[in-house]
Amino acid sequence: MELKEKLVSSFLAFENTVNVDAPIHDIRTQAIKIFEEKGFPTKKEEAWKYTSLNAVLKHDYSIFPKEENALEFKDVKKYFLYDLDTYKIVFIDGKYSSHLSETTHDKIDVCLMSSALTHDKYKAVIDNYFNKVARQDGLTSLNTAFSKEGAYIYIPKNKLADKPIQIIHFSTGKESAQMLQPRNLIVVEENSHVQIIERHQSLTDNPVFTNSVTEIYVDKRAHVDYYKIQNDNEQASLIDNTYIEQQAQSVASVHTFAFGGNITRNNLNFFQKGEGIDSILNGVTILEGKQHVDHNTLVHHTEPNCESHQDYKGIFDEKATGVFNGKIIVDKIAQKTNAFQSNNNILLSDKATINSKPQLEIFADDVKCSHGCTIGQLDENALFYMRSRGIGEKEARALLMYAFANNVLESVKIPQLKNRINKLIANKLGVDIGFDL
Amino acid sequence: MLEIKDLHANVEGKEILKGLNLKVNAGEIHAVMGPNGAGKSTLANIIAGKEEYEVTDGDILLNGDDIEELGPEERAHKGVFMSFQYPVEIPGVTVTNFMKTAINETRKAQGLEEMPAKDMLKKIREKSELLEIDRKFLSRSLNEGFSGGEKKRNEIFQMAMMEPKLAILDETDSGLDIDALRIVANGVNKLKSQDNAIIVITHYQRLLDYIVPDYVHVLYDGKIVKSGTKELALELEEKGYDWIKEEINA
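Here's what I pulled together on the structure shown here. Only a predicted model underlies this, so the values are computations on that prediction, with no experimental measurement involved. (Residues numbered from 1 in each chain as written. Chains lettered and ligands numbered in written order. Predicted model: local features only at pLDDT ≥ 70, side-chain atom pairs only at ≥ 80, totals over all residues. Heavy atoms only, no water.)

### What about the sheet that holds strand β10 (residues 223-231) of chain A?
Residue and element names in this part refer to chain A. Let me state the cut-off plainly: Here, any two strands with at least 2 DSSP bridges between them count as paired. Only DSSP runs of H or I reaching four residues or more are called helices, and only runs of E reaching two or more are called strands; each is numbered from the N terminus. Any two residues having at least one pair of non-hydrogen atoms within 4.5 Å are treated as being in contact. To define axes, lines are fitted to C-alpha atoms, for helices over the stretch in contact only, and angles between the resulting N-to-C directions are given on a 0 to 180 degree scale.
Taken in spatial order, the ten strands of this open sheet run β2-β1-β5-β8-β10-β12-β14-β16-β18-β20, and their pairing is mixed. Looking at which strands have only one partner, the edges of the open sheet turn out to be β2 (95-96) and β20 (368-376). Note that strand β18 (residues 338-347) and β20 share nine bridges and pair parallel. Among the inter-strand pairings, N343 is bridged to a residue of β20, identified as C373. Each of β12 (251-260), β14 (278-287), β16 (307-316) and β18 is contacted by helix α9 (residues 393-410), which is oriented at about 155 degrees to β16, the strand it contacts most.

### Some points on the pattern of salt bridges
Residues and elements named next belong to chain A. Cut-off, in case you're wondering: Every case where a carboxyl oxygen of Asp or Glu lies within 4 Å of a side-chain nitrogen of Lys or Arg is listed as a salt bridge. Here's how the labels work: a residue is buried when its accessible area is under 20% of the maximum for its type, exposed when over 50%, partly exposed in between, all with a 1.4 Å probe on protein chains only.
Counted according to the given criterion, the structure contains 36 salt bridges over all chains. Between E102 and K163 there is a salt bridge whose closest N-O contact spans 2.9 Å. A residue pair is termed long-range when its members are at least 10 positions apart, and E102 in the loop between β2 and β3 (109-112) and K163 in the loop between β4 (151-155) and β5 (165-171) qualify at 61 residues. Taking relative accessible area as the criterion, E102 reaches 30% and is therefore assigned partly exposed. On the basis of relative accessible area, K163 is assigned to the buried category, the value being 14%. A salt bridge links E198 to K228, with the shortest nitrogen-to-oxygen separation between them at 3.9 Å.

### Observations concerning the packing of helix α4 (residues 117-130) of chain B against helix α5 (residues 148-162) of chain B
Residues and elements named next belong to chain B. The test is simple: Comment on the angle field: the value is read as roughly parallel under 35 degrees, roughly antiparallel over 145, roughly perpendicular from 65 to 115, and oblique elsewhere. Each helix crossing is assigned a hand: it is left-handed if the near helix lies turned anticlockwise from the far helix by less than a right angle, otherwise right-handed if that turn is clockwise.
Interhelical geometry of α4 versus α5 gives an angle of 135 degrees and a closest axis separation of 9 Å. It follows that α4 is oblique to α5 by the angle criterion. α4 and α5 meet at a crossing whose hand is right-handed. Residues M120, K123, I124, K127, S128 and L130 of α4 touch α5, and the partners they reach there are F157, A160 and M161.

### With respect to the packing of aromatic side chains
The geometry of an aromatic ring pair is captured by the separation of the ring centres together with the interplanar angle, meaning the angle of the planes. Residue and element names in this part refer to chain A. The cut-off we apply is this: Working definition: a ring pair exists when centres of Phe, Tyr or Trp rings (six-membered ring for Trp) sit within 6.5 Å. Plane angles under 30 degrees give stacked, over 60 give edge-to-face, the rest tilted.
Following the criterion strictly, the structure yields 20 aromatic pairs over all chains and no others. Arranged with centres 5.7 Å apart and planes meeting at 45 degrees, the rings of Y61 and F209 form a pair that is tilted. Separated by 148 residues along the polypeptide, Y61 in the loop between α3 (54-57) and α4 (73-76) and F209 in strand β9 (residues 208-218) bring together distant segments of the chain. Centre to centre, the rings of Y312 and F324 are 5.0 Å apart; their planes meet at 45 degrees, and the pair counts as tilted. Taken as a pair, Y312 in strand β16 and F324 in strand β17 (residues 321-330) lie far apart in primary sequence, twelve residues in all. Pair check on accessibility: Y312 and F324 agree, each one buried.

Listed below in structure tokens is the structure:
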């Protein structure tokens, strides 16, 4: 049976595990209909021209987590930012692990979607925000239909989350192939501030297919920094659908570090709903082998005097492929918009590919919008210069690649995270870097 | 220190050096002069190990060892340094971090421990004062947005940090005003000792007023066609290169 049919026919079984009388279930029922109608995207769609899900969809995935699998912290410690005090929401094969997590209800809520969807205490927030900014495309609807578990973060107004929050999804490989559909909701009210780090990690070579949806609401003058670490193995595919709605004078940043995975697709959408908003989209991609990453971004400016800044750097080796498709829409009313987009790439091999496509739809006449895209090789003169100062070729290449990605790395505001990312890069490049940039 | 014998070299299939001989001993300063296109920069880049330059014949010996098969970094580890005519801008790497990496990589290759941070800072301070370089300058990205003069001064600062055995200054005087020229020359002279050697490659005699050579060579059409003492440089300054060309072609 094809995965689509299997999913649609599994919906009945899924309904036995949730409260079908809850209002949210109407949303799920609607969503499965949309998925049934639209299905998975194909390369015929313009937005999926360079990314095929065929190979990903052919596995016979287990759709529901069957049993609770446990992991010992010492065995997975390296996937955590363990040198930093954080809240943690950890899932093992789609099920919440209280053992590895550290949640809170003290002034802020850092807990589970399953609680938020079933307890009256959260009803008002769920009614107001759940599935409101998410789009109704096939993949998002599929996630909505089976939405049950994920991270729920609620920061009421004038609160500073006292420490960053880590959301980590582990796959143990107990199933021969597993599909995961986490659903996250993050609501940050006026003047509040939160930092979130998200990671998906498969622990074996059994195929994993994650279709994740995250909705983030950033109220007036609130500030959200979201960091995604995508450093999974070559059997793990991820479709990350993230929707961010921002109110006046809010700041939201998303950093995407795409260092590994089979097929990774980031659908990152920003909707600006007030004046004086700043949206920041930064990414560093470093891939080799046959890995594929597709960054599909949208920033929709609907009010005057807002800004958006996109800076994506990509380094592709061997047969790795990358896509950057950045769409900026500036509505007619959104005068004095400043929208900047830059996508710079280095290809280290003749067989590596990048497709870079800016899409600007500008209907206002008094705006500053710019986009730039470069594709090149490492500068041989710079390599010679560094080598002539005694720096080995491998180290010189690594140093140049660090330098290339530096302005994005510099914008990471959590020092321990920046340090970790530097180490991940050094690991990937096979160098022991004794410098800090 | 350096002995070049009958060196022939191609760049992109075109023969640039056509049987060049040069011998430089420790404690000496040699100037290599010549008209544009004579092969001066090619010579500098070949000694430093630039890979696009293909040596087709001849030998380059450093302290008796053939260095032709060595990469640029290995030559640097043996004490070769080239001050670039066009230093490369490297955004994202500060001058200080670049020097730390360069010195520690070189020490590692020489089997030495990394230089303690305190010693490194002290050395950076001393050498930047020698070249009259502002401290703020050191935390800027390497060569990015530097003026021509700043780049050249930065090259000599790097030379001071690396303490090479053999330094090749490739057109270090170009782009320098007279004050910067004095600072750079003063730095080079302070670094000079009986244990090291310097090759000054220049088009003009001007720099040689400040860095006084023991020998002056004229490079023309891929060969050294005339050698002499510093008076030769003055003669070239006065008469240009045409008389040499005529002498050769006669």
